[in-house]
Amino acid sequence: MSELLKDIDARTRLAGTNKLEILLFSLGEDPRNNRRETFGINVFKVREVMGTPPITVVPEMAAAVKGMVSLRGALVPVIDLSDYSGIATEAPREIMIVTEYNHHTQGFLVESVDTILRLDWSQMRVPPDMLTSQMGGLVTAVTELPDGRLVMLLDVERILAETVKPDETQFANIPALERNDLTVLFADDSSVARGQIQRTLEAMGVNAISAVNGRAAWDELRRIADQADRAGRPAKDYIQLILTDVEMPEMDGYLLTRNVKADPRFIGIPVLMHSSLSSASNQQLGHSVGVDEYIPKFEPHRLSETLARLLVGAHQEHDDAGSSGTPTGSLPALRASGGMLDSVDARTRLAGSNRMEILLFSLGTNELFGINVFKVREVSDTPDITRTPNMPFGVEGLISLRGSVIPVLSLAGAMKLEDAPAGRGGSMLVTEYNKRNLGFLVHDVDRIIRVDWEKVRASEANGAGAGGYILAITELDDGRLVSILDVEQIMADTFGEAVVGQIDPMVDGHEINVFFVDDSLVARKKIAEVLDKLAVHHKFAQNGMEAWTRLSGMASHAQQIGRSVREELDLILVDAEMPEMDGYVLTRNIKSDKRFDGIPVVMHSSLSSQANHAMGRSVGVDAYVAKFDAEALAQTLRSQLQRHATN
């Protein structure tokens, strides 16, 4: 079964060719017609296929949600697709398909899986009204196999919307543009997604034209362009923006975008791609066919802000004041406006400047703590939390946040702060680490400040209590110290460390030397474990400044003895955020020093957004890997080392 999906990442090359691959599966025999139907799901969205693990039943869930499983430290809701679709089969659900939509992971129970089928989107047909009515809109596309069987592609967005109820307040406080002359044409094959887009546009006061797939959208656009030609006017007088999904029957969003950008009649009309396929490779493919922006589903405030910026230039950025300790955001104001840190994306311009922004908060003790703003998705008041059995120490329970069930962790509890006050505190930080969302309960939130990494000092603290979870310390202008937390260590102690599976050793690994740097102890342990399994020699540093000092020393020593540092060093692996010198500046230093020519630099970070990938490329990294996927890390290192050996 692992062989079935081992090449999923390689399949990203299909995007933009109007092709897709679907995983075929069965939900069992339907007693209503004694048939065993074949269903499909886009392989892009499948993380793995596995035997059904033990499931913990969670109260107050929809009937089709069977509970939660712990999957490599992440809590994943499990949905029985047979129950959801009304197939009352007695067959055991022995297989779980683990999927990822919009950075949210869930498991789908099925009876069996068949194979992976490669198709052209033009072969996928919009289902007839009768099928749509019978299955409640569950099927978005249908295709026929050579043996005559029909394969039904499931609308997973509808399944998630109806089983893990979304937060209706997500549509609140969307500002109207106060314009009545703007029209957006949008295409999406999911009725749920179309409804969400329509609600967002209505809140903004924007006119909308809806299409059920790329082919319908293209037909409508050509009709509008023909009408504009007859009137002697440009098409942009009729349509001001095109919003498209990626995967759609008959014509996908990549091909639709390519068609639009190749037709001079649509010059000046921006294309916004809006998809649950939110990986870096998909975003890169979107930009390769000409999309003006690519955003993941479904965050109405982010969608509305992007639409406003593209339509009327109504994007507001934070002031780029840069002195250490400068306040850049009011958290009370953020909470009052719904809590979203809408300007986080704009802050990506700090990466590579050796500066960072940190969110300051208290855990009810005399200490002030901080967390990198890059990792904070939003700040809110402490919500109602559903307590669940068998949770790790420090985990308060679960909440449903815009259709996603996420665990909520008390930071004071997880850090075992004995002098912290009782209770859950007044604020929650919603964070994203390694594409996993977590809620962190804190006593109170202060503000956002901007600091230079060179003024952030690595912590000497070790041992029990808060000390073991402090990565670095910086000083505010008023003399107070801020402790920056090692969230990776907190997560590892709470949910368990990531398991490094079987990794084949490299041929001649004893001749290979890797240097890596990471300020997190748990990250260094896991990296070393991967390198040990690859059977290569390795050395490490604990922050960027230490790494640059040691690397410079290695290069100078090699020159003194008449050798090239390339003969002693085959690859450098760097973290992104580190005290004193971050990974972007470290990489820039390495790439600008001719002594290191030809030595690949791989960036390995929990900052896994497309913007961070782009910043890595801008300073010259040869590859960027999100933490912590041991297999992906091993594959990237192996590939870069093999390429280095042949150069």
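Keep in mind that what you see is a predicted model, and the values were worked out from it rather than measured.

A. Representation of the overall build of the protein. For the protein, the helix and strand inventory stands at 17 helices and 32 strands. Looking at the protein as a whole, 58% of its 647 residues qualify as buried. A separation of at least 24 residues holds for 67% of the contacts in the protein among residues at least 6 apart in sequence. Counting only carbon and sulfur atoms, one obtains 48% of the accessible surface of the protein, whose full area is about 26,400 Å².

B. Summary view of the packing of helix H13 (residues 521–534) against helix H17 (residues 630–646). Packing of H13 against H17 leaves a shortest axis separation of 10 Å and a crossing angle of 55°. On the basis of their axis angle, the class for H13 and H17 is oblique. Seen along the crossing, H13 lies across H17 with a hand that is right-handed. Contacts between H13 and H17 pair Ile-527, Val-530, Leu-531 and Leu-534 from the former with Ala-630, Leu-633, Ala-634, Leu-637 and Arg-638 from the latter. Partitioned by chemical class, the residues of the contact of H13 with H17 number eight nonpolar, no polar and one charged.

C. Quick peek at the side chain of Thr-474. Examined against the element boundaries, Thr-474 turns out to sit in strand S26 (residues 470–475). Judged by relative accessible area, Thr-474 falls into the buried class, the value being 2%. Excluding residues that lie within four positions of it along the chain, Thr-474 makes contacts with Ile-358, Lys-455, Val-456, Arg-480, Leu-481 and Val-482.

D. Geometry of the pairing of strand S12 (residues 207–211). Relative to S12, strand S11 (residues 183–187) runs parallel, the two sharing five bridges. For Val-184, the partnering residue across the bridge sits in S12 and is Ala-208.

E. Quick peek at the environment of Ile-22. Turning to its location among the elements, Ile-22 is positioned in strand S1 (residues 19–26). The exposure class assigned to Ile-22 is buried, which follows from its relative accessible area of 0%. Counting along the chain gives 18 residues from Ile-22 to Gly-40, while the straight-line C-alpha distance between them is 5.6 Å. Excluding residues that lie within four positions of it along the chain, Ile-22 makes contacts with Ile-41, Asn-42, Val-43, Thr-115, Ile-116, Leu-117, Leu-119, Val-151 and Leu-153.

F. Geometry of the pattern of salt bridges. The tally for this structure, following the rule as stated, stands at 25 salt bridges. Where Arg-179 meets Asp-181, a salt bridge forms, and the shortest distance between an N and an O atom there is 2.8 Å. Given a relative accessible area of 35%, Arg-179 falls into the partly exposed group. Relative accessible area serves as the criterion here: at 42%, Asp-181 is assigned to the partly exposed category.

G. Representation of the sheet that holds strand S5 (residues 74–80). The five strands lie next to each other as S3-S6-S7-S5-S4, forming an open sheet whose pairing is mixed. The open sheet is flanked by strand S3 (46–51) and strand S4 (65–71), the only strands paired with a single partner. When strand polarity is set aside, the average angle formed by the axes of neighbouring strands in this sheet is 30°. Inspection of the sheet shows S3 paired to strand S6 (residues 95–101) by five bridges, in the antiparallel sense. When the sheet's bridge partners are listed, Gly-51 is paired in S6 with Ile-95. The sheet contacts of helix H4 (residues 156–163) involve S4, S5, S6 and strand S7 (104–110), and relative to S7 the element is tilted by about 100°.

H. View of the packing of aromatic side chains. As enumerated under the stated definition, the model contains five aromatic pairs in all. Seen from their ring centres, Phe-516 and Phe-540 are 5.7 Å apart, and the 25° between their planes marks the pair as stacked. Note that Phe-516 is positioned in strand S28 (residues 513–517) and Phe-540 in strand S29 (residues 537–541), a separation of 24 residues in sequence. Ring centres of Trp-548 and Phe-596 lie 6.0 Å apart, and the angle between their planes is 45°; on these two criteria the pair is classed as tilted. Separated by 48 residues along the polypeptide, Trp-548 in helix H14 (residues 544–560) and Phe-596 in the loop between helix H15 (583–592) and strand S31 (601–605) bring together distant segments of the chain. Take Trp-548 and Phe-596: they sit in the same class, and that class is buried.

Reading the values: rules and limits
- Residues numbered from 1 in each chain as written.
- Predicted model: local features only at pLDDT ≥ 70, side-chain atom pairs only at ≥ 80, totals over all residues.
- Heavy atoms only, no water.
- Helix = DSSP H or I, 4+ residues; strand = E, 2+ residues; numbered from the N terminus.
- Buried < 20%, exposed > 50% of the residue type's maximum accessible area, 1.4 Å probe, protein only.
- Contact = heavy atoms within 4.5 Å.
- Areas by Shrake-Rupley, 256 points an atom, 1.4 Å probe, with all protein chains shown as cover.
- Axes fitted to C-alpha atoms, helices over the stretch in contact; angles between N-to-C directions.
- Parallel < 35°, antiparallel > 145°, perpendicular 65-115°, else oblique.
- Left-handed = near helix turned anticlockwise from the far one by under 90°.
- Nonpolar A, V, L, I, M, F, W, Y, C, P; charged D, E, K, R; others polar.
- Pairing = 2+ DSSP bridges.
- Salt bridge = Lys/Arg side-chain N within 4 Å of Asp/Glu carboxyl O.
- Phe/Tyr/Trp six-rings, centres within 6.5 Å; stacked < 30°, edge-to-face > 60°.

So, to be careful, I would describe these as geometric facts and stop short of saying anything about function.
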